[in-house]
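# Breakdown of the fold
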Amino acid sequence: MGLETDDTLVQKCLLLIQKELGWGDVKDWSTRDFEALSNRIMEKTHVQLSVVTLKRVWGRIRYESKPTVTTLDTLAQYVGFENWRAFKQGHAESKTALLGGPDTGEATNEKWSVNVPGRVKRKAFTVFAVVGLLFAAAGVVLYFTSFDTAKPHIDPSRFSFSSKKVVDVGVPNTVIFDYDAKAAKPPDSVFIQQTWDKRLSKMVARDQRQHTSIYYHPGFFQAKLRINDQVVRQHELFIKSNGWLPLVDLSPVPVYYKAADVMNDGYMSLPIEKIKLNNIAMQPTPPWVGYYNVGDFGDIMSNDFIFETEFKNEYNDGAAACQHSEVHVLFQGATMVIPFSIPGCVSELNFGDMSGKKLDLSPLGVDFSEWVNVKVSVQDSLVHLFVNGKKAFDMKVDLHPIRFAGMIYRFQGSGSVNFIRISKHNGDVTYDENFDLKE
């Protein structure tokens, strides 16, 4: 039975949650954002609010009834109150409203911009990050490291920030952060941010010296010490995978597999049967399967780089009809994320600031019944993307030479990788993986 409530208090509670998340205008939230919020609420309150319920509460789905007691109690608990009654009596923002999300540690870096000639002439757009357990089917993404551009009002030289990994290679990996934030004065708040995404922040005490976080995914991160919204210190953090690491992305902890579980004679693939053996449900929301290989690859540099691969998405049942897939090319300080779907779903894709709902992103729509060939050519400041032998997009980026750090393949459902080849423009092959089983 519904509960008559003070609409103003409900809106206040929702605003506290929005402030804690830091995801921007709720009108721009996607279904995946609501799925992520549902998971966060479950982790914190042990009560599952469905995506439909959350969309109703936030007014994204028209619904005349008032929220139920259970829904209101759960939302109040999420922002730090015992129940809805306590929230009504308190009439104050919870102390947890400024806290960030769980320490999932997704591998991405800072925002930068690129110019795209060709299909979208003279259009400049900002390229933005795609979140870890919240990986979306977003467009080619280039990230680069830099300090926040807001005018500083706190002297960074008065703060220190460093970290050390508990283990050199592999995940999960606890990272111990050492920091000195005593120069922060009330009412300033101190945060340690695992990477570019403010959602992966934790508020810490200004008079403490250490904080620990668990990174569940390999990658190249930019850890930050933040005072309010100002980054005062940051440094690079490299979490290596020790070769190929297959996993299924579940919250709060992925399900890890051994490399031998996915190696076949001539290709890499995680069969649906092996996923189900771990009691992982494929419906109604198919999980994302990832293949990570992050580490040291020698002197492969971004300014003379050809990456070529072939892959398939082999699962299209139910909600996986679009067969969303991603190929990530990682450098030490930059990441290119290339998303794909079947042709009928390209409207859901985003290419930087270009939305598939407004522009033609059909080159990223492919037939997964055949191997999909992708080639990325980077030379000096020019990037060319080819899909199945046809030029899809040209880009111009201002990017200093940086080392190659690895690759990630992600599939909604599951998928296969046929080969990976990295070479220079003079023809020298620097990495060649055909997944041939050794005798």
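Definitions and limits used
Residues numbered from 1 in each chain as written. Predicted model: local features only at pLDDT ≥ 70, side-chain atom pairs only at ≥ 80, totals over all residues. Heavy atoms only, no water. Pairing = 2+ DSSP bridges. Helix = DSSP H or I, 4+ residues; strand = E, 2+ residues; numbered from the N terminus. Axes fitted to C-alpha atoms, helices over the stretch in contact; angles between N-to-C directions. Buried < 20%, exposed > 50% of the residue type's maximum accessible area, 1.4 Å probe, protein only. pLDDT = per-residue confidence, 0-100. Contact = heavy atoms within 4.5 Å. Salt bridge = Lys/Arg side-chain N within 4 Å of Asp/Glu carboxyl O. Disulfide = S-S within 2.5 Å. Parallel < 35°, antiparallel > 145°, perpendicular 65-115°, else oblique. Left-handed = near helix turned anticlockwise from the far one by under 90°. Expected span 1.5 Å × (residues − 1). Core = buried A, V, L, I, M, F, W, Y, C linked by side-chain atoms within 4.5 Å. Phe/Tyr/Trp six-rings, centres within 6.5 Å; stacked < 30°, edge-to-face > 60°.

### Brief notes about the sheet that holds strand β10 (residues 230-239)
Here we have 4 strands laid out as an open sheet, ordered β7-β6-β9-β10, and antiparallel in their pairing. Only two strands of the sheet have a single partner each, and these edge strands are β7 (201-204) and β10. On average, each strand axis in the sheet is inclined to that of its neighbour by 20 degrees, with strand direction left out of account. Across 4 bridges, strand β6 (residues 190-193) lies against strand β9 (residues 219-227) in antiparallel orientation. Each bridged residue has a counterpart across the sheet, and for I192 the counterpart in β9 is L225.

### Some details on unusual backbone geometry
For the peptide bond that leads from P186 to P187, omega is 10 degrees, which places it in the cis range. Counting through the fold element by element, P187 comes out in the loop between β5 (173-180) and β6. With omega at 5 degrees, the peptide bond leading from S251 into P252 counts as cis. Mapped onto the elements, P252 comes out in the loop between β11 (245-249) and β12 (255-256). One non-glycine residue, N279, lies in the positive phi region at around 60 degrees. Tracing the backbone through its elements, the reader meets N279 in the loop between α6 (272-276) and β15 (288-294). Its relative accessible area of 75% is what places N279 among the exposed residues. The phi angle at Q323 is positive, at roughly 55 degrees, despite the residue not being glycine.

### Remarks on the confidence of the model for the protein
Across the protein, the average pLDDT comes to 82, with 82% of residues at 70 or higher. Every residue in residues 92-152 scores below 50 in pLDDT, and together they form 231 contacts with partners more than four places removed in sequence or on other chains.

### Section: the pattern of salt bridges
All told, the structure shown has 10 salt bridges when counted by the stated rule. In this structure, D229 and K198 form a salt bridge, with 3.4 Å as the shortest nitrogen-oxygen distance. Note that D229 is positioned in the loop between β9 and β10 and K198 in the loop between β6 and β7, a separation of 31 residues in sequence. Residue classification places K198 among the partly exposed positions, given a relative accessible area of 37%. The salt bridge involving E326 is made with R410; its shortest N-O contact spans 3.4 Å. Here R410 lies in strand β24 (residues 404-412) and E326 lies in strand β17 (residues 325-331), a separation of 84 residues in the sequence. Each member of the pair E326 and R410 is classed as buried. Each of D249, E326 and R410 takes part in salt bridges that share partners, so that together they form one network.

### Things to note about the environment of A392
As for its placement among the helices and strands, A392 is situated in strand β23 (residues 390-396). Relative accessible area serves as the criterion here: at 3%, A392 is assigned to the buried category. Considered as a pair, A392 and S362 are 30 residues apart in the sequence and their alpha carbons are 8.8 Å apart.

### A look at the sheet that holds strand β8 (residues 210-215)
Spatial ordering of the open sheet is given by β4-β5-β8, a layout of 3 strands whose pairing is antiparallel. A strand with exactly one partner marks an edge of an open sheet, and here the two such strands are β4 (160-165) and β8. Neighbour to neighbour, the strand axes of the sheet diverge by 25 degrees on average, direction disregarded.

### What about the state of the cysteines?
The tally for this structure, following the rule as stated, stands at 1 disulfide. At a sulfur-sulfur separation of 2.1 Å, the disulfide partner of C322 is C345. Disulfide C322-C345: the torsion about the S-S bond is -70 degrees, which places it as left-handed. One end of the pair, C322, is in the loop between β16 (304-313) and β17; the other, C345, is in the loop between β18 (334-340) and β19 (350-351), and 23 residues separate them in sequence. C345 carries the same exposure label as C322, and that label is buried.

### Overview of the packing of helix α1 (residues 7-21) against helix α4 (residues 69-78)
The geometry of α1 relative to α4 is characterised by a closest axis approach of 10 Å and an angle of 40 degrees between their N-to-C directions. The angle between the axes of α1 and α4 places the two elements in the oblique class. Crossing geometry of α1 relative to α4 is assigned as left-handed. Here V10, C13, L14, I17, E20 and L21 of α1 come into contact with α4, specifically with L72, L75, A76 and Y78.

### Focus: helix α2 (residues 31-45)
Each α-helix turn comprises 3.6 residues. Residues three or four places apart therefore point the same way. Relative to the 21 Å expected for 15 residues at 1.5 Å per residue, α2 spans 21 Å between its end C-alpha atoms, a close match to the ideal helical length. Inspection of α2 places D33, F34, A36, L37, S38, R40, I41 and T45 among the buried residues, and these make up the whole buried set. Looking at the packing, one finds that the buried side of α2 touches α1, α3 (51-57) and α4. Two residues or fewer after α2 comes H46, characterised by a positive phi angle close to 65 degrees.

### Observations concerning the nonpolar core
Counting residues in each nonpolar core, the largest one holds 53 residues, and the members touching the most others are Y291, F307, F340 and Y409. Among the nonpolar cores identified, the runner-up in size contains 30 residues, and F177, I227, L237 and L247 belong to it.

### Describing the pairing of strand β26 (residues 429-433)
Relative to β26, strand β25 (residues 415-423) is paired through 4 bridges, and the arrangement is antiparallel. The residue bridging I422 from the neighbouring strand is Y431, located in β26. What sits between the antiparallel neighbours β25 and β26 is a turn of 5 residues, in which G427 has the positive phi angle 100 degrees.

### Some words on the packing of aromatic side chains
Following the criterion strictly, the structure yields 21 aromatic pairs and no others. Geometrically, the ring pair formed by W29 and F34 is edge-to-face, given 5.4 Å between the ring centres and 65 degrees between the ring planes. Using a relative accessible area of 2% as the deciding quantity, one classes W29 as buried. Their ring planes at 65 degrees and their centres at 5.0 Å tell us that F297 and F404 sit as a pair that is edge-to-face.

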